[in-house]
Amino acid sequence: MNIPQSDRAPFRIVQREVGRGESTISAKKRLDRRQVPEGLRNFGSSAKDYVLDEGLETAVNCAITVGAPLLVTGKPGTGKSHLAHYLSEYFGIQLHVFHVKSTSTATDLKYHFDAVAYLRYAHDTKSAERTQREFLKAGPLWNAFRDRERSVLLIDEIDKAPRDFPNDLLNELDQHEFDHPFEPKVKISLKDPTRPPIVVVTSNAERRLPDAFLRRCVAFHIEHNFEKMAAIARRRRDALFGELPHDVLEEALRQFQRVQALGSLEREPSLAELLTWLAVLDAGQTTQAQLTAARLRDLPGIETLVKLQDDREKLP
């Protein structure tokens with residue numbers, strides 16, 4: 001099957017082996033050989049490459065010093081969630097993650113009770129005797145409280161949750177304890193109250209959080225910063241786009257900065273999109289000349305950077 005290709009297409013489908021003496025290999029085999037760069041979306045494996053600037057470092061130290069949650073705001077792709085993975089890697093401690101959804105409640109962060117399984121058991125007369133506790137699963141906050149040593153707790157994208165969600169966690173995050181759901185006299189609390197978990201709360205700042213919650217947090221806003229993005233890209237070159245020549249990488253970064261400098265895009269490309277674009281340029285064996293000669297709207301792989309059609313039309 002012949003697939004028509006644009007004159008400016010950066011590569012043909014699964015081009016890595018094409019033109020290298022392997023063009024007779026079936027498309028299926030070439031597809032099987034193509035692997036997504038390890039760590040492209042894996043925060044854990046890339047945590048060591050995180051760039052912690054001075055302002056954010058100060059905010060982290062403030063939060064650790066007073067045992068307060070660190071609220072990190074910023075646009076998607078600025079490295080908010082990545083920070084928690086970096087702290088886990090840096091200190092060599094456990095990371096517990098809770099991804100907030102529009103239906104999340106504070107209870108979900110603490111524990112999960114499998115009511116369906118319990119109801120099924122209650123109606124099965126042949127089942128061995130079991131207690132409600134056996135259908136109870138500890139959540140990320142509970143696990144962080146019972147860790148033997150200090151850990152990191154990531155509450156990711158809290159602004160997705162219903163408005164009451166942050167306020168329902170005030171006592172838990174302030175006093176570091178909550179009631180056991182089935183044993184009124186039992187408290188789930190820290191083994192050592194002087195060593196609370198490092199709580200990182202992220203928000204895309206899509207809506208304002210309650211004042212009572214904000215009062216208990218140390219807050220820091222991460223801006224899109226080209227120099228920081230470029231530094232991370234250079235650090236991660238070997239892991240994500242190791243065959244991309246140095247001159248091509250630097251030219252790509254220059255072109256990316258031009259896109260950012262327009263200032264008129266409704267949705268600016270983030271660090272995650274920059275790394276994805278560089279991986280595409282690597283896979284397409286893009287040359288410096290191709291990048292230099294192209295208009296911004298015709299850059300190879302521009303589809304990975306600029307997602308909105310209105311923004312594409314703004315590119316020169």
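Higher on the page you've got the structure.
Structure report, in brief. (Residues numbered from 1 in each chain as written. Predicted model: local features only at pLDDT ≥ 70, side-chain atom pairs only at ≥ 80, totals over all residues. Heavy atoms only, no water.)

**Describing the environment of Thr 105**
Tracing the chain through its elements places Thr 105 in the loop between β2 (95–99) and α5 (106–110). Separated by 61 residues in the primary sequence, Thr 105 and Pro 166 place their C-alpha atoms 9.0 Å from one another. (Helix = DSSP H or I, 4+ residues; strand = E, 2+ residues; numbered from the N terminus.)

**Some remarks on empty space enclosed by the protein**
For the structure shown, the criterion picks out four cavities of 30 Å³ or more. Approximately 70 Å³ is the volume attributed to the largest cavity. Forming the walls of the largest cavity are Gly 77, Thr 78, Ile 222, Glu 223, His 224, Asn 225, Lys 228, Met 229, Ile 232 and Leu 271. In terms of residue count, the dominant contributor to the lining of the largest cavity is helix α11 (residues 226–235) (three residues). Considered class by class, the residues forming the lining of the largest cavity number four nonpolar, four polar and two charged. (1 Å grid on protein atoms, 1.4 Å probe; cavity = no way out; pocket = protein on both sides within 12 Å on 5 of 7 lines; lining within 4 Å. Points joined across faces, edges and corners; volume = space filled by probe spheres on them. Nonpolar A, V, L, I, M, F, W, Y, C, P; charged D, E, K, R; others polar.)

**Here we look at the packing of aromatic side chains**
Tallied over the entire structure, the rule returns nine aromatic pairs. Their ring planes at 85 degrees and their centres at 5.0 Å tell us that Tyr 90 and Phe 91 sit as a pair that is edge-to-face. For Tyr 90, a relative accessible area of 56% gives the class exposed. An aromatic cluster is present here, built from Tyr 50, Tyr 86, Tyr 90 and Phe 91 joined pairwise through their rings. (Phe/Tyr/Trp six-rings, centres within 6.5 Å; stacked < 30°, edge-to-face > 60°. Buried < 20%, exposed > 50% of the residue type's maximum accessible area, 1.4 Å probe, protein only.)

**So, the sheet that holds strand β5 (residues 152–156)**
One open sheet accounts for five strands, arranged β2-β5-β8-β1-β9; its pairing is parallel. Only two strands of the sheet have a single partner each, and these edge strands are β2 and β9 (218–222). Each strand of the sheet is rotated relative to its neighbour by a mean of 20 degrees, with strand direction disregarded. Sheet topology note: the strand β1 (residues 70–74)/β9 ladder contains five bridges and is parallel. Each bridged residue has a counterpart across the sheet, and for Val 72 the counterpart in β9 is Phe 220. In this fold helix α3 (residues 54–66) packs onto β1, β8 (198–203) and β9, with an angle of close to 160 degrees to the strand it touches most, β9. (Pairing = 2+ DSSP bridges. Axes fitted to C-alpha atoms, helices over the stretch in contact; angles between N-to-C directions. Contact = heavy atoms within 4.5 Å.)

**Let's talk about the pairing of β8**
Across the six residues of β8, six count as buried, placing the element largely inside the fold. Across four bridges, the pairing between β1 and β8 is parallel. Paired with Val 72 across the two strands is Thr 202, which belongs to β8. Note that β5 and β8 share four bridges and pair parallel. Within β8, the position partnered with Ile 155 by the bridge is Val 201.

**Concerning the pattern of salt bridges**
Taken as a whole, this structure holds 13 salt bridges when the rule is applied. Taking the shortest distance from any N to any O, the salt bridge between Arg 216 and Asp 174 comes out at 3.8 Å. Within this pair, whereas Arg 216 is found in the loop between α10 (211–215) and β9, its partner Asp 174 is found in helix α9 (residues 170–175), the two being separated by 42 residues in sequence. For Arg 216, a relative accessible area of 23% corresponds to the partly exposed category. Residues Arg 295 and Asp 298 are paired through a salt bridge, measuring 3.0 Å at the closest nitrogen-oxygen approach. Through salt bridges that share partners, Arg 267, Glu 273 and Lys 307 make up one connected network. (Salt bridge = Lys/Arg side-chain N within 4 Å of Asp/Glu carboxyl O.)

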